[in-house]
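Next come the chains, spelled out residue by residue.
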Amino acid sequence: MQAPPSVAANSLLAKLEKSGVNPKYVYLPNLNHDEKMVNGVVTPLYKAAPAPMGIGDIGVMMENGHLVAYNLTTPSIAGSASFSSLYTVNMPSSSTTGLTVQLNAVIKNVTLFNVTGYSYWTQNVIFYNARIHEMQFVLNIWNFSTPTFAFPPNGILSGRGQVYSDEVYITIGPTITIAPPFSVELYLNSTVIDNESTVFFNYTVTHNGVSMSGSYDEVMFNSTGGMGVMPPMPTPAPYYLISGNTITPTGFLLYDAEIMIGGPGGGSTTTAYQLNGTMNLYYMNTTTMSYQSVPSAYDFGTDTGETSEGVNVYWHGTTAYLGVGPSLLYGMWGLNDASLHTFSGQITPPNTFMFVNTGSTFNETSAAYVPLTVNGDYRFTVPSTEITGQLLLSDYTPVNFTVQSMTTQSVQFSTQLTMNMSAGIYTPLIAMTNSQLKYISISGNGTLSNPYVLFNNPMYMVGTTPYTVIDPIFGESNDYLFPVFPGVFLWGTTDYVDMNMMPVMLLNYSLVNVPITTQMNYQFFMASNFTLYDSMANGLFLDSFVPFSIYGENVTHALFDSNYIYTSGVLFYNPDPYASGGLYLLNSTDNVIWHNVFLPFSGLVGLWLLSSGNLIYNNGFLSYFTAINPAPYMNTWNVTLEPASAVMVFNGYTLTGNIDGYGLQGGNWWWNYNGTVPYNDNGLIAIGGDYYPTNAMLELSTLNAFPGQLIQFTEWTNISMNAPQARFLNAIVLFNGVPLTTALVTVHGNEAMGYITMPNDQPGTTFNVSVILEYGPQMYALPTFILHLTLVPGNGALITSMNGSDSVEISTLLGQVNATLSELNARIIGLSEQENGTYVLLQTDFGIMKADYTALQARISGIEGNIATIQTALGNTTATLSQLSASIQSINGQVVTLQTALGQVQTGLASLNTQITAVSNNEVLIKTSIGTMMGQISSINGQLAEIHTQYGNITAELNQISGYHAPAGSIVPLGYLVIGLIAVVAVGVGASLAVRVRKR
């Protein structure tokens, strides 16, 4: 049984990510194995939007009312795209306003190692960020000669890119800044050079009448095996094939050519909100030695995985015209001779959701989304005289409509929806301007004293939690399950907005005949002055690049107050364990995060901050990774210790009290707090941290335990400060942040009692045990104490010193004993981590003993990744750098000095599995096996870069910096591109133990 496309894709992306590849540079093939041939003719792989909208030729045309196949071979495929306006927005991904324009085609007859007949999918792509007007050229080559896509070892002889994870060849080309209007021509040119099959990736960009051209890679396949000798026969010319009756050796993908608009890499999707442009798709006619349009075309591609929505495509002659409208899938020239009809009008409210399909019956499966302008206008053209649709908006009565255009090629339809609060929240709530806020608000005018209050009327309640069910039409996602719609989306709003007691938005639909329920998330983009209060956020995604319950980008002066924020889950495999969680803020400042509880779910990170200048205090963090805040970003994690009655006013809200019910307020409550100040989640908060964690006000119990021992606990608390009417209904025990379902816990009133059987883990294993007391459905009080439980060896014997090379002193329950290691038949079996240090565990004839490192004359002899090899009097053992409390002291070039429990040691950057990734032209992210830091490129000398960090300077070769490109300089115009027929020169772990703990 074939894996679903999203599972296969994420497995592939996970492999590539381990190789340091950003998903934005991976343009996946369509892994939906749904190819069908009808009467010997291929059919497209996409059936409904989202799809790769643009132009696609699959070698099929209409003759006498029947689809017939044709085959077209050519040395060159070209595509052009011109845009006078272009702006798309995505669900959280590699770039909120990113998109790709891709020219894709399959080259056949490639020769490898003197064997001819290989097929490769070549992609000449521009990655465009519509907000900052940045265009970057990127190419991918995939092996379509096998169903596994595995790239043959040494299959590429030369080129400017490289093959990653034996899956795909990638070259990252030049970057330019360019705003519409502009046009771009992309070329895929095949030829043979020195008996090697070769492909050129060329481009021309034109803006305001000025053109710049280049060839950013010349990829030579290893046709002759790199022997440097003439093969038995000259290497035959490769060629591009468009075929309507042949499927590639993948078994399901087609020999097609396509130019299309898609999401920003990794199989993502995007939605157009501003778009006006044209596209053309050409092949080189070898008879006339000129480019001509492909014989037939659909308004979408088929082999690529990135998709788009809200892109309306229609045609005149062999030119495709692009605008904002429904992404309906149909044939164009050579396939469809229907007349074109334009539909336009204005819908009020302007943030209504419009869906249409052609014909007289509404079909939710094929209907496509029509994004309206900020004023509610729409205009689109389709090859049909009739459209049927729905107009939907929460707390308004839905409108069903049919519009016909029988006698004219242009028809208008305008209407106004009627507010109906009994309709409830059945659509997402989206506002793209201040003027749209009033249409989705109960009250307010957008001022600080009278903010807009968004609709919050639920369909039903579960205990005290409000829920609503969203119409399944908003479950639109592409084959890789990237969603189109968030639950709440504020884009560019600056008026004051309150979101109070918002209902959980459930989205129910069927996936492969299996009922699935997801929970829609919050997304804020370039928005300010809003407050999310007393709500539950739990974005459960099918898939996404950045699956967070709350995602904010370029957000300012926002308040997140008294919310229950679950770490977002992904139903299918997510390649990055860090990239899912509760609240994510990117490039955002002057925001306050107060009195929220970050709860564990299937995701990992409670709070992700790639931002500075925010205040985070009085929150409860129960997520596995509490917070991530890498350098150079700096935020404030506490206020000065002050009475809980102290008041702060923000966005009109009075912030006072302590989330634990104590008489002081300062910082936050952290489930994994270990007594160290400032708290920084083991370095994940790179700069500063919480200097007044509220855990410091709790009784802290530290106990040793034995495997299998029964730990009894009793906990009670005065919760009247937080919830006067509350009584405990249930208790949840967390072991290291993960719910322990085998614990026996009973609750009565405000007291919880329970037993925990310690697991049979290795001695030295430490468990942080917290008890969460549930006092209402989905609502939790915070733990009032933590137990630090460390498993110890069975007899507790400890080797405390060593005399000479063999004689040791042993501390036991019966006093001191002297013996030799040989008398004990001692051998190292592992490590024991305890609060007062890490010990070596020895198996002896008298049972397991512990030995202090110094007693065994231990020293570090080598480091590889996070593992240190330790040389002792009994031979070698290993320990993780964290077990040795290792930290970076200094860096000089490629040499790192570490401070460890065994003293200082020097090692190389490479031994710490160092990866350097560019995040801008002069800023890099440096990941090592013991932590992450930021650095700045201070100078470049040839191929060597000097990188300044907080620990000193690193010297690295430029090719070791993933994703780094020198700032774009001038591009030398090449004039008219010479095609592939002529060699183009590229330029460019028992007794019962009782513990009773009370709050102070």
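A. Examining the overall build of the chain more closely. Looking only at helices and strands, the chain features three helices and 89 strands. Burial analysis of the chain (1000 residues in total) assigns 58% to the buried set. Counting only carbon and sulfur atoms, one obtains 52% of the accessible surface of the chain, whose full area is about 37,000 Å².

B. Seen up close, the packing of aromatic side chains. A full pass over the atoms with the stated rule returns 44 aromatic pairs. Pairing F355 with Y369 gives two aromatic rings, centres 5.6 Å apart and planes at 40°, and the pair type is tilted. Taken together, the residues F355 in strand 26 (residues 353-358) and Y369 in strand 27 (residues 368-370) connect sequence positions 14 residues apart. Centroid distance F598 to F621: 4.6 Å. Interplanar angle 0°. Geometry classified as stacked. Of the two residues, F598 sits in strand 52 (residues 597-599) while F621 sits in strand 55 (residues 620-621), which places them 23 residues apart along the sequence. In this structure, F598 and F621 share a single accessibility class: buried. An aromatic cluster of at least three residues, connected via ring pairs, comprises W121, W142, F144, F149 and F252. Over the aromatic face of F127 sits the side chain of K24, whose NZ or CZ is 4.4 Å from the ring centroid.

C. Expanded view of the sheet that holds strand 79 (residues 875-880). If you trace the three strands from one edge of the open sheet to the other, you get 77-78-79, paired in antiparallel fashion. Among the strands making up the open sheet, the edge pair consists of strand 77 (859-864) and strand 79. Taken over all neighbouring pairs, the strand axes of this sheet differ in orientation by 30° on average, direction set aside. The sheet contact formed by strand 77 and strand 78 (residues 867-872) spans five bridges and is antiparallel. In the strand pairing of strand 78, E864 is matched with I867.

D. Here's a closer look at unusual backbone geometry. Residue P349 follows T348 across a cis peptide bond; omega there is 0°. Considering the arrangement of structural elements, one finds P349 in the loop between strand 25 (341-348) and strand 26. A cis geometry characterises the amide bond from V677 onward to P678, with omega recorded as 0°. With phi around 60°, S562 is a residue other than glycine that occupies positive phi space. Mapped onto the secondary structure, S562 falls in the loop between strand 47 (559-561) and strand 48 (564-566). On the accessibility criterion, S562 (13% relative accessible area) is buried. In this structure, N651 takes a positive phi of about 55° despite not being glycine. With respect to the helices, strands and loops of the structure, N651 is situated in the loop between strand 58 (648-650) and strand 59 (653-655).

E. Inspection of the nonpolar core at higher detail. Ranked by internal contacts, the top residues of the largest apolar core, which has 153 residues, are F83, M279, M499, F530, F560 and L607. No other element matches the seven residues that strand 8 (residues 98-112) contributes to this core. In this view, M279 contacts G54, I55, S80, A81, F83, V101, I259, M260, I261, T319, A320 and L322; residues no more than four positions away in its chain are not counted.

F. Structural detail: the environment of Q871. On the secondary structure map, Q871 appears in strand 78. Once the C-alpha coordinates of Q871 and A858 are considered, the two residues, 13 residues apart in sequence, prove to be 5.5 Å apart. Excluding anything up to four places from it in sequence, Q871 contacts Q857, A858, R859, S861 and N876. Within the structure, Q871 has its side chain in polar contact with the side chain of R859 (distance 2.7 Å).

G. Geometry of a nonpolar patch on the surface. Where nonpolar side chains cluster on the molecular surface, the patch consists of L641, L664, V677, Y691 and Y692 and spans about 430 Å² of accessible area. One can find L641 in the loop between strand 56 (625-628) and strand 57 (642-643).

H. View of the side chain of Q390. Within the secondary structure, Q390 is located in strand 29 (residues 386-392). Using a relative accessible area of 16% as the deciding quantity, one classes Q390 as buried. Here N400 takes part through its side chain, which lies 3.4 Å from a polar atom of the side chain of Q390. Filtering out sequence-adjacent residues up to four positions away, Q390 remains in contact with F353, M354, F355, F362, V399, N400 and F401.

I. Representation of the sheet that holds strand 43 (residues 530-533) within the structure. Sheet architecture is open: seven strands sit in the order 34-35-39-43-47-51-54, paired in mixed fashion. Lying at the two open borders of the sheet, with one neighbouring strand each, are strand 34 (441-443) and strand 54 (615-617). Sheet twist, expressed as the average angle between the axes of neighbouring strands with direction ignored, equals 20°. Across three bridges, the pairing between strand 51 (residues 592-594) and strand 54 is parallel. Note on strand 54: the bridge partner recorded for W594 is Y617.

J. Seen up close, the environment of N154. Tracing the sequence through the fold places N154 in the loop between strand 10 (134-143) and strand 11 (156-158). In sequence terms N154 and F113 are 41 residues apart; their C-alpha atoms lie 9.6 Å from each other. Here N154 is in contact with F113 and N222, once residues within four sequence places are set aside.

K. Region of interest: the confidence of the model for the chain. For the chain, per-residue confidence averages 82 on the pLDDT scale, and residues scoring 70 or more make up 75% of the total. For residues 775-780, every residue scores under 50 in pLDDT, and the model assigns this stretch 28 contacts once sequence neighbours within four places are set aside.

L. Examining the pairing of strand 39 (residues 497-500) more closely. In strand 39, alternate side chains face the same way, and those of V497 and M499 on one face and D498 and N500 on the other are all buried. Looking at chain direction, strand 35 (residues 452-454) and strand 39 are connected through two bridges and run parallel. By the bridge assignment, Y452 is partnered in strand 39 with V497. Looking at chain direction, strand 39 and strand 43 are connected through four bridges and run parallel. Following the sheet pairing, N500 is matched in strand 43 by Y533.

M. Highlighting the side chain of N668. Within the secondary structure, N668 sits in the loop between strand 60 (664-665) and strand 61 (669-670). The buried category is assigned to N668, whose relative accessible area is 0%. One polar contact links the side chain of N668 to the main-chain amide nitrogen of N618, over a distance of 3.2 Å. If near-sequence neighbours (up to four positions away) are discounted, N668 is found in contact with I616, Y617, N618, N619, F621, W637, D690, Y692, P693, T694 and N695.

N. Fine view of the environment of M459. Inspection of the secondary structure puts M459 in the loop between strand 35 and strand 36 (460-462). Each C-alpha atom, one on M459 and one on I470, is 10.0 Å from the other, the two residues being 11 residues apart in sequence. Excluding residues that lie within four positions of it along the chain, M459 makes contacts with A423, I425, Y426, Y467, T468 and V469.

Conventions we followed
- Residues numbered from 1 in each chain as written.
- Predicted model: local features only at pLDDT ≥ 70, side-chain atom pairs only at ≥ 80, totals over all residues.
- Heavy atoms only, no water.
- Helix = DSSP H or I, 4+ residues; strand = E, 2+ residues; numbered from the N terminus.
- Buried < 20%, exposed > 50% of the residue type's maximum accessible area, 1.4 Å probe, protein only.
- Areas by Shrake-Rupley, 256 points an atom, 1.4 Å probe, with all protein chains shown as cover.
- Phe/Tyr/Trp six-rings, centres within 6.5 Å; stacked < 30°, edge-to-face > 60°.
- Lys NZ or Arg CZ within 6 Å of the ring centre and 35° of its normal.
- Pairing = 2+ DSSP bridges.
- Axes fitted to C-alpha atoms, helices over the stretch in contact; angles between N-to-C directions.
- Core = buried A, V, L, I, M, F, W, Y, C linked by side-chain atoms within 4.5 Å.
- Contact = heavy atoms within 4.5 Å.
- Polar contact = N/O pair within 3.5 Å; in protein donor to acceptor, adjacent residues only side chain to side chain.
- Patch = residues over 30% accessible without salt bridge, like charges linked within 9 Å, V, L, I, M, F, W, Y side chains within 5 Å.
- Salt bridge = Lys/Arg side-chain N within 4 Å of Asp/Glu carboxyl O.
- pLDDT = per-residue confidence, 0-100.

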